[in-house]
Structures are given as C-alpha cells and as structure tokens.
Amino acid sequence: MSSAVAYGSVYVNQRCFREDRAKSSKARKVCVCKSVAFTPQSLQFEKTKVQMPEKSVRIGVLGASGYTGSEIVRLLANHPYFGITVMTADRKAGQSIGSVFPHLATQEIIKALPKGLKIVDLSADFRLRDIDDYEKWYGQPHRAPELQREAVYGLTEIYRTDIKDARLVANPGCYPTSIQLPLVPLIKANLIRSENIIIDAKSGVSGAGRGAKEANLYTEIAEGIHSYGITGHRHVPEIEQGLAEAANSKVTVSFTPHLMPMSRGMQSSIYVELAQGASVEDLRQHLKVFYENEEFVVLGKEKEVPHTRHVRGSNYCIMNVFPDRITGRAIILSVIDNLVKGASGQALQNLNLMMGIPENTGLTYLPLFP
C-alpha cells in the first residue's frame, strides 16, 4: 500500500525435488540469500486430480521479512505441497530471516530470473498495464516493459482463467482488492453508474509497511485516524484500470485512504449511483449469484454489517449493500485482512491456480477472534 515499500515476490519453479530423508527430521535454519537458483527436474501432477508428494514444489521468497513477506512464509509453512527453499534480499545475505529488513528492486530481479519459473509478484511493479501510467504515478521508467506485456493481473475471482496459464502474475494491492471485488461485477452488469463513485477506505497500520517511519509511530497513530495520499494515492490508477475494463470506458473515482490504530484489517465504504431502473436489492442479488460458488468472497445477510474482525487472519472478503438515504444511491461495505486477501493470501491463491492444485489449499483458516 505504501509507496515506500516494495513487498517482494514469490517464485516457484515447476520442478520436483527430493529431500534427504535423513535430514528432514532435523531443524533447518532458513537464511536470506543474495540470489536464487533451482535445479530443473520434472514436476508431474494432473490439474484435475492432485498427485503430488508432500512439499514437492520448491518456493523462493523475495523480501521475506516485511509484513506481507512474513505472512506468505506463515501460509507456505502450512501448505502441503509448497516448501520454502530460499529467501532473498539485496542486503544482509546469510543472516537469519528474523533479523533482516530487505531492500528490493523487483523489476530487475524478475527480469533476470530463468524463464522456467512461475512468479507471483506482490509489489506494484506489474499491476499497471500502461508503462506510461507507471512512470507517472511511481516517478520512474518501468525497467521491464517486455515483461509487463506478459503479466496477468491477479484478482483471482475475476481473472481466474487467465491466471491459470500465466507465468507472471501481478498480485493486486489491498485497497484495489477490497474495492474491485464488489464493483467490477456490478459495473459489468450495468447495475451502477461508473461516474461519481466515492470510496472511503481504512486500513490497519501494517498496510504502511514495516519500515521505520515517524508517521507510523504508536504515538502518531494511536487514538486517531490518519488520512494520507489524498487525491494522489498510487492505488488510484490500479483501481481505475480495473473499473474501466469492466465499464469499457474511462472511469475516475474519488478515493481517500486512512490508517487506523489497529495492526491489520481493511474496510472500504463505497458510495455509488444506481443505474436507471436498478434497486439496491438488484445489486445484492447480482453479487449473491456472482459469488455463490466462491469460497473466499461472501455476501452478508440482508442488513448484516461486515466488520474487519470478521476476516482477521483469513483470506475472506465479506461485503454487503445498503440503501443510502439519498434516493438513487447505495452504500457498499467490503472488508478484508489487508495482509491476507489483500496480499499474501491472494498470492498463494494465485500460486495454487498456476500450479493446477485446488485453489483453497493452505488457505482454509477461519478468522481469528478476538
């Protein structure tokens, strides 16, 4: 979320590896390395019927000591088929993962990786299809434009078919995930107008990254709300890109993000105009049908208000639609855990798809409470 943080990437090669069973019972210390290399062997399993040995897919994690990095490590540690074999960072090579603060330049690193690897990139490097937009919003030229043409945007429930066959997936930002999941189906169905969309979004402080920043000190954040990136947050072009594709026309939104005095969680309160002849119940019914077979996107019961505590630590997005007091408008609430469905959980969901294994593998965690 923060422009100062590069979240890193998850790399997987499509190869099997055999662990030395004599060593498998011993505790292994995972350290950060400067580079990543894999030994090509064959990985064989059916896309419809999983036949894989335990921990048979080698995973490399770039940037594993930030919040999203530590979250993907947590999820991968409990995954039956994926095993972490290397973690990388530009500095602190050889130190334990717990002591490292990585500094990343992921476009150049990904460009240099072998073509046989499958990549899920959690940074913003490949989210914007237009490299001119990238330069405008990120203040520097894109360093791998040829890869940008290859990248598939990884909003899983919307682009699932493309993700399955992708080599490089650009994992969405947290705010864009919480916003696009409810809005894309409604815009495509012409149930809401694509003009005058107002988004008031709030995130836990972990969304600003792990780096030491004065604005994120406890005394700066506690007992208050911190608005930032007003009219200029770097997730704006990503949000507008997805909504414009759904509308088949240019879309401009009013988006203001806020940091809240909590460690994780995200709520997007979205205010929309109903299309001519559409009702709030039409919006609810369409979302219900659109997501009825999705495990991780849930429409709440009528009048049921989603709260961030309902998704804490899980890969779920819970949403609901309410009538506005202003005639012809509706209010949509969407909540996610910014570190899971908003980052590492969706990355693992995409990686499962890319590897042809059940999409929910390693992600069936119930929300934490309290």
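Given the structure is predicted, the values throughout are model-derived calculations rather than measurements.

## Re the packing of helix α7 (residues 174–188) against helix α10 (residues 280–290)
Relative orientation of the contacting elements α7 and α10 amounts to 110°, with a least axis distance of 10 Å. Judged by the inter-axis angle, α7 sits roughly perpendicular to α10. Here α7 contributes Pro182, Pro185 and Leu186 to the contact with α10, which in turn contributes Leu283, His286, Leu287 and Phe290. Of the residues assigned to the contact of α7 with α10, the class counts are six nonpolar, one polar and no charged.

## What about the sheet that holds strand β13 (residues 317–323)?
The strand order β9-β10-β8-β11-β14-β13-β12 describes an open sheet built from seven strands, whose pairing is mixed. The open sheet has two free edges, formed respectively by β9 (226–227) and β12 (297–299), since each of these has just one partner strand. Examined bridge by bridge, strand β8 (residues 197–204) and strand β10 (residues 253–260) share eight bridges and lie parallel to one another. Bridge assignment links Ser203 to a residue of β10, and that residue is Leu259.

## A closer look at the packing of aromatic side chains
Remark: the centre distance and the inter-plane angle together describe each pair of aromatic rings, the angle taken between the planes. Under the definition given, this model contains five aromatic pairs. Ring centres of Tyr175 and Phe255 lie 5.3 Å apart, and the angle between their planes is 75°; this geometry places the pair in the edge-to-face category. Taken as a pair, Tyr175 in helix α7 and Phe255 in strand β10 lie far apart in primary sequence, 80 residues in all. Pair check on accessibility: Tyr175 and Phe255 agree, each one buried. Stacked on the ring of Tyr365, the Lys or Arg Arg74 has its end atom at 5.4 Å from the ring centre.

## What to know about the pairing of strand β5 (residues 117–121)
Of all five residues in β5, five are buried, a share of seventy percent or more. Across the two faces of β5 the burial is the same, with Leu117, Ile119 and Asp121 and Lys118 and Val120 all buried. In this sheet, strand β7 (residues 168–170) lies alongside β5 in parallel orientation, the contact comprising three bridges. Residue pairing in the sheet places Ile119 in a bridge with Leu168 of β7.

## Topic: unusual backbone geometry
Looking along the chain, the bond that leaves Phe369 and enters Pro370 is cis, with omega of -5°. By the secondary structure assignment, Pro370 is in the segment after α11 (340–354). The residue Glu223 is not glycine, and still its phi comes out positive at about 60°. Tracing the backbone through its elements, the reader meets Glu223 in the loop between α8 (218–221) and β9.

Calculation notes
- Residues numbered from 1 in each chain as written.
- Predicted model: local features only at pLDDT ≥ 70, side-chain atom pairs only at ≥ 80, totals over all residues.
- Heavy atoms only, no water.
- Axes fitted to C-alpha atoms, helices over the stretch in contact; angles between N-to-C directions.
- Helix = DSSP H or I, 4+ residues; strand = E, 2+ residues; numbered from the N terminus.
- Parallel < 35°, antiparallel > 145°, perpendicular 65-115°, else oblique.
- Contact = heavy atoms within 4.5 Å.
- Nonpolar A, V, L, I, M, F, W, Y, C, P; charged D, E, K, R; others polar.
- Pairing = 2+ DSSP bridges.
- Phe/Tyr/Trp six-rings, centres within 6.5 Å; stacked < 30°, edge-to-face > 60°.
- Buried < 20%, exposed > 50% of the residue type's maximum accessible area, 1.4 Å probe, protein only.
- Lys NZ or Arg CZ within 6 Å of the ring centre and 35° of its normal.

That's the geometry; what it means functionally is another story.
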